[in-house]
Amino acid sequence: MEALNHLLAGFAAALTVKYLLFALAGCVLGTLIGVLPGLGPAAGTAILIPLTFSLDPTGAIIMLSAIYYGAMYGGTITSVLINVPGEAASVVTCIDGYQMALQGRAGTALAIAAIGSFVGGTLATVALVAVATPLATLALKFGPVEFFALMVAGLCLVVGLAGKNMLAALLMTVIGLLLAMIGVDPVRGAPRFGFGVEELYDGIGFVPVVMGLFGVAELLLAAEKRQTHMIQADLNKWMPTREERRASAGAIGRGTVIGFVLGLIPGVGAIVPTFMAYVLEKRVSRTPERFGKGAIEGVASAETANNAYANAAMVPLLALGIPSSPTIAVLMGAFIINGITPGPFLFQERPELVWTVIASFFVGNALLLVLNLPLVGLWAKLLKIPFSYLCAGVLIFCVIGSYGLKQSLFDVWVMLGFGIIGYLLRKLDFPIAPAILALILGPMMEKSLRTTLEMSGGSFAIFLDRPAALVLLAVPVIVIGALVFRPGTFSKLRESDTD
Amino acid sequence: MILRRRTLLAASAATAIASPAIAQNYPRRPVQLIVAFAAGGSTDVGARILAAAAEKDLGQTITVVNKAGAGGQLGFTEIARARPDGYTLGFINLPAVNTIVLDPERKAAFNMDSFIPVVNQVLDPGLIWVKGDSPYKSLKDLVDAAKKEPGKLRACTTGILSDDHLAILMMQEAAKVDFRIVHFDSGTQQLAGVLGGHVDVAFDNVGSVVKRVQSGEVRGLAVTDNERSKFLPDVPTTKELGYPTVISSSTRGVAAPKGTPADVVKVIETAFLKAINSADMKQKMDAVGLALKPMAGAEYAKYYADLQKQAQKYTEWALKMR
């Protein structure tokens, strides 16, 4: 009850004109960061920190949080419209979102993403209010051992549910993992697989690879077809039909749960929940063959999980002072610079501030919805630009994005190289998403496995001692075992195709 | 690659010739300050406070750029390779720089001469800490437990050959015990690891957990320094507890890449030193639990050289164990 009183007081503060304006400014700036590729939420937030120095701490935090959410949503727009994820968490949205855009349903895809983001974000914040501290403490039990098991489960599910392309998906996963090995050894610190190329010292950049595999490859494919307009869209019909709403409702619910739960665990990152939610949605769907071909549930689940994750990730930060992702770490730095130390004592020491900020999470999520729904038509209009112009624009966008990240020309070549590779892979009907997932998860997987083995003194038996890890590892074994030994079990899935 | 190196050479030659003119005009555009650790960590927090203060004196924006990875090696490489024109500076963390240089397997693209140590900002002594409700109430409890079960107690670092790793080695040597060493990437991971019960004890720095020790969430067993930390007056030092050889800390300061003109270095030194010595800086750093230790010029250069000798012994030892 006391929490509720605090929250109401928080709302009273968050709804003042001043703080509303801060939240609004944050949402707009964040959306811009999300739209610009190469400028991820972490870098974007860091750059904008000085902007908040002249504000009071509450206002600064409200604005920075809004920037963070805005960026999480902004990445969706480019994913849907031009198949270029503006930030990592939007990779999954490309899969069905862009297909929807090709079918002239870009507006609907953006609308359902905005609605899903709002629902996921709001519900996650409700859960944050209700159970922040006990949940965060529980989530700490999830250590390197369980973490590794989770990653293995995630990768295996993506492969196992790839349908008739299972072997190709497995191959792509392994290629992704191999690419992830390039760079500095995460424990010994020794450089490896760089072949003396200094630029490879830091590994292959994720952003240029994704932009190449998705964006540039798409341009090459589209150019082949000699389209004059990339997409013919009916811009007045962006509101999802009743059928689409019904299909999305379940996806939004499940996406919220997955995003929230994974958001509690430090270090998971925004992309894992979106993949997990997508894979689950395909698994429970009666028509999994629609996935990858413009299924609205695919967009709804990924985008909902993305925002539920973003809000849930605030739980370990506010309750324990543990940032669970690089972006949250930047946010935490901003908190500290503004004189606020996140952690278990924040709720006692500065209740008025915490609750105002939490209330502003609700306000921010609502603002994003209000801001984005009317703009959906405007964004979708971009697709009316003649293909030749749009194509050049997208290519410039990709070059700037891949260069901007590290000011490295090498990354631009990587992006173009992977564009050609992506084009060939698409021609050969190889799925791209498993390689990307493996590329992102690879370093985290390797680090957690090696930390696990340091903890056990080199013995793999540690996985048997930890029930949660054991359960997580059992899931992929069962799924893949069933696929291999009893091909009939998932027959309907095998007809489908994950990209 | 060859082309790039040639351009760099040409650029540095041009800088050397044009240096007097550069110093008069320096700085004419924003300055980058590379931090070799992730945003939100204690190096980063200190650097951001310093950048915000020093840019007033420097008259140009100072942008903090995080280049985290490989225990700082990526960021240090970036600093060493930067064009020596005063527009790219970096935070060097000691003894992290020393140990990277000393480990041949890391194939460091820099050596101790690659940096000009300009101004030191922070000296953060090591802290040995456990969870607030841990059965180890004192360093003695921990040592006794480690003696009972050699190689079983999990002690975590913030990275291989970090100051925390060296502190564990010093402790093992001094108390004749053996820990199972787990390498994490950051103080944040250590916190999650210890609070989640995945590791037993963390070797870390005072600045990372000072608030949590004060609140009782974690328990400080010993500060690895000659004198007590002003932030944790109740936590004994390793020296008091009979381990005078277990002295380890992490220092962070601003360095410029080799070849930066001396008069430009002087401008940087003046601006940063003034910022570090300001009352505002002290207040802000106190708030985040970071102890200031301003060192510049010859004093910082001597510290830089002396530390190399101390780090050498333990690095060699660590390499032998690998």
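Here the structure is a predicted model, which is why all the values come from computation and not from measurement.

Rules of the game
Residues numbered from 1 in each chain as written. Chains lettered and ligands numbered in written order. Predicted model: local features only at pLDDT ≥ 70, side-chain atom pairs only at ≥ 80, totals over all residues. Heavy atoms only, no water. Helix = DSSP H or I, 4+ residues; strand = E, 2+ residues; numbered from the N terminus. Buried < 20%, exposed > 50% of the residue type's maximum accessible area, 1.4 Å probe, protein only. Contact = heavy atoms within 4.5 Å. Salt bridge = Lys/Arg side-chain N within 4 Å of Asp/Glu carboxyl O. Buried area = accessible area lost by both parts, 1.4 Å probe. Expected span 1.5 Å × (residues − 1). Bend = angle between axes of the 7 residues up to and from the residue.

## A word on the environment of Glu446(A)
All names here are of chain A.
Here comes step 1: Tracing the backbone shows glutamate 446 in helix H19 (residues 433-456).
Here comes step 2: In this structure glutamate 446 comes out as buried when scored by relative accessible area, which is 12%.
Here comes step 3: For the pair glutamate 446 and methionine 181, spaced 265 residues apart in sequence, the C-alpha to C-alpha distance is 8.6 Å.
Here comes step 4: Sequence-distant contacts of glutamate 446, defined by excluding residues within four places in its chain, comprise Met181, Pro186 and Arg192.

## Observations concerning the pattern of salt bridges
Residues and elements named next belong to chain B.
Here comes step 1: Under the counting rule described, the total for this entry stands at 26 salt bridges over all chains.
Here comes step 2: Across the pair aspartate 124 and arginine 252 runs a salt bridge whose closest N-O atoms are separated by 3.5 Å. Taken together, the positions of aspartate 124 in strand E4 (residues 115-131) and arginine 252 in strand E9 (residues 249-257) put the pair 128 residues apart, joining distant regions of the chain.
Here comes step 3: Under the relative-accessibility criterion, arginine 252 is labelled buried at 4%.

## Description of the side chain of Asn306(A)
Residue and element names in this part refer to chain A.
Here comes step 1: Positionally, asparagine 306 belongs in helix H12 (residues 296-312).
Here comes step 2: Relative accessible area serves as the criterion here: at 0%, asparagine 306 is assigned to the buried category.
Here comes step 3: Filtering out sequence-adjacent residues up to four positions away, asparagine 306 remains in contact with Met72, Glu87, Ala89 and Thr274.

## Quick word on the interface of chain B and chain A
Here comes step 1: Facing the 37 residues of chain B at the interface are 42 residues of chain A.
Here comes step 2: Counting the surface lost from both chain B and chain A, the interface buries some 3300 Å², and carbon and sulfur atoms represent 58% of this.
Here comes step 3: Three residues, Arg48(B), Leu74(B) and His198(B), lead the burial of chain B against chain A; their summed loss comes to 16% of the area buried on that side.
Here comes step 4: Taken together, the connections running from chain B to chain A amount to 0 salt bridges.

## With respect to helix H10 (residues 242-264) of chain A
Residues and elements named next belong to chain A.
Here comes step 1: Over its 23 residues, H10 runs 33 Å from end to end, which matches the ideal 33 Å to within 8%, given 1.5 Å per residue.
Here comes step 2: A maximum bend of about 25° is found in H10 at serine 248.
Here comes step 3: Every buried residue belonging to H10 is among Glu244, Ser248, Ala251, Ile252, Gly255, Thr256, Ile258, Gly259, Phe260, Leu262, Gly263 and Leu264, and all of these are buried.

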